[in-house]
Amino acid sequence: MLSRRRLLALLAALPLARAQGRVEEVVGGLEVPWALAFLPDGGFLVSERPGRIRLFQGGRLTPYAELPVYARGESGLLGLALHPRFPEVPYVYAYRTVEEGGLKNQVVRLRPEGRRGVLERVILDGIPARPHGLHSGGRIAFGPDGMLYVTTGEVYERALAQDLSSLGGKILRLTPEGAPAPGNPFLGQRGARPEVYSYGHRNPQGLAWHPETGELFASEHGPSGEQGFGHDEVNVILPGGNYGWPLVVGKGGESRFQAPLYVWPEGFPPGNLAFWRGALYVAGLRGEALLRLALEGGRGRWRVARVERVLEGLGRLREVRVGPDGALYVTTSNRDGRGRVRPGDDRVLRLA
């Protein structure tokens, strides 16, 4: 049940908003919500970039965990995921930036103590980070194979994206314990990190698997000043694939690099992406819209037939996830220092 204050805040924003379908506020007053993780018994966890994980259940928002983080620029507490056998295996995974023996990004694991989560251990350490806090990647998600996928940025050191000895500018694939996953494409290759699944990424921000084919799709930020502007991407991720950065921008036309499925030449920096009702939905940060990408083709031969704006007027949108009720959930990111704060921001919205 929405409180009167939240309902009034939503109604105040709706004259500026346009949506295909009904949009309603689930909870507001958050501070840069980055990721949602839906619980099997109802409710969800939400990470906030300053270092908090909060539990929303039964219409109430309560603390779940607070982690020390380096929250500057695009860094802090970012991605969130539940063990695929949760709650039987009751672990919550998170991606964070810390100053511990130097600045770095980590994937950590929490375990429950009552209704709170406590840090159990770091499962992957030493992901590159820099003091400006930019290009930290940060999306984590378990795939249909039960492995944990992690997006990392190249922290404005562009050469890292092509360097297989670095964890920066990559999509990684791990076991739930943090080891390199069996079958990874560079296992046993001298000088290569065995966690690497794909490389040549600038700052990948979203992960989603096609519900029928199981193919992995990822969203990625293109340049915003260096080597031009725009060329944000959606990619179909192949094991061992090289996605070109910084040697190519957008559709480079070179056969040694994987061409993006879709490019916004004028720029549409994306957040996460999700498959819902037969289409691919992409949250837009600077683009301030939720887009629906209608796909045609099939495994290995997808193309985008049509792009529609299905939600706009609510500012920057970061997370998009399908909830257990079959609705689409979206978060605003207007309090991240780059948006115009609206009444009730930041919010979790439900699109039905």
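Residues numbered from 1 in each chain as written. Predicted model: local features only at pLDDT ≥ 70, side-chain atom pairs only at ≥ 80, totals over all residues. Heavy atoms only, no water.

*Asks:* Just to check I follow, could you spell out the sheet that holds strand S16 (residues 216-220) for this structure?
*Replies:* Working definition: the strands of a sheet are paired by backbone hydrogen bonds and lie parallel or antiparallel to each other. Pairing within the open sheet is antiparallel, and its 4 strands lie in the order S15-S16-S19-S20. Every interior strand has two partners, whereas the edge strands, strand S15 (204-209) and strand S20 (262-264), have only one. The mean inter-strand angle of the sheet, taken between neighbouring strand axes irrespective of direction, is 15°. Pairing between strand S19 (residues 232-237) and S20: 3 bridges, direction antiparallel. Pairing of Asp232 across the sheet is with Trp264, part of S20. (Pairing = 2+ DSSP bridges. Helix = DSSP H or I, 4+ residues; strand = E, 2+ residues; numbered from the N terminus. Axes fitted to C-alpha atoms, helices over the stretch in contact; angles between N-to-C directions.)

*Asks:* Would you take a moment to explain the sheet that holds strand S1 (residues 18-19) for this structure?
*Replies:* Read from one edge of the open sheet, 5 strands run S1-S24-S23-S22-S21, paired in antiparallel fashion. If you trace the sheet from one side to the other, it starts and ends with S1 and strand S21 (270-276), each paired once. Pairing geometry for S21 and strand S22 (residues 279-284), over 5 bridges, is antiparallel. Within S22, the residue paired with Phe275 across the bridge is Leu280.

*Asks:* Mind showing me how you'd approach the pairing of strand S8 (residues 92-99) here?
*Replies:* Remark: a regular strand shows side chains that alternate across the two faces of the sheet. Of all 8 residues making up S8, 7 are buried, and the element is well covered by its neighbours. Pairing analysis gives 4 bridges linking strand S7 (residues 77-82) to S8, with the strands arranged antiparallel. From the neighbouring strand, Ala81 faces S8, where its bridge partner is Tyr93. Summarising the sheet, S8 and strand S9 (residues 103-113) pair through 8 bridges and their orientation is antiparallel. By the bridge assignment, Tyr95 is partnered in S9 with Val107. Where S8 folds back onto S9 in an antiparallel hairpin, the turn is made up of 3 residues, including Gly101, whose phi is positive at roughly 70°. (Buried < 20%, exposed > 50% of the residue type's maximum accessible area, 1.4 Å probe, protein only.)

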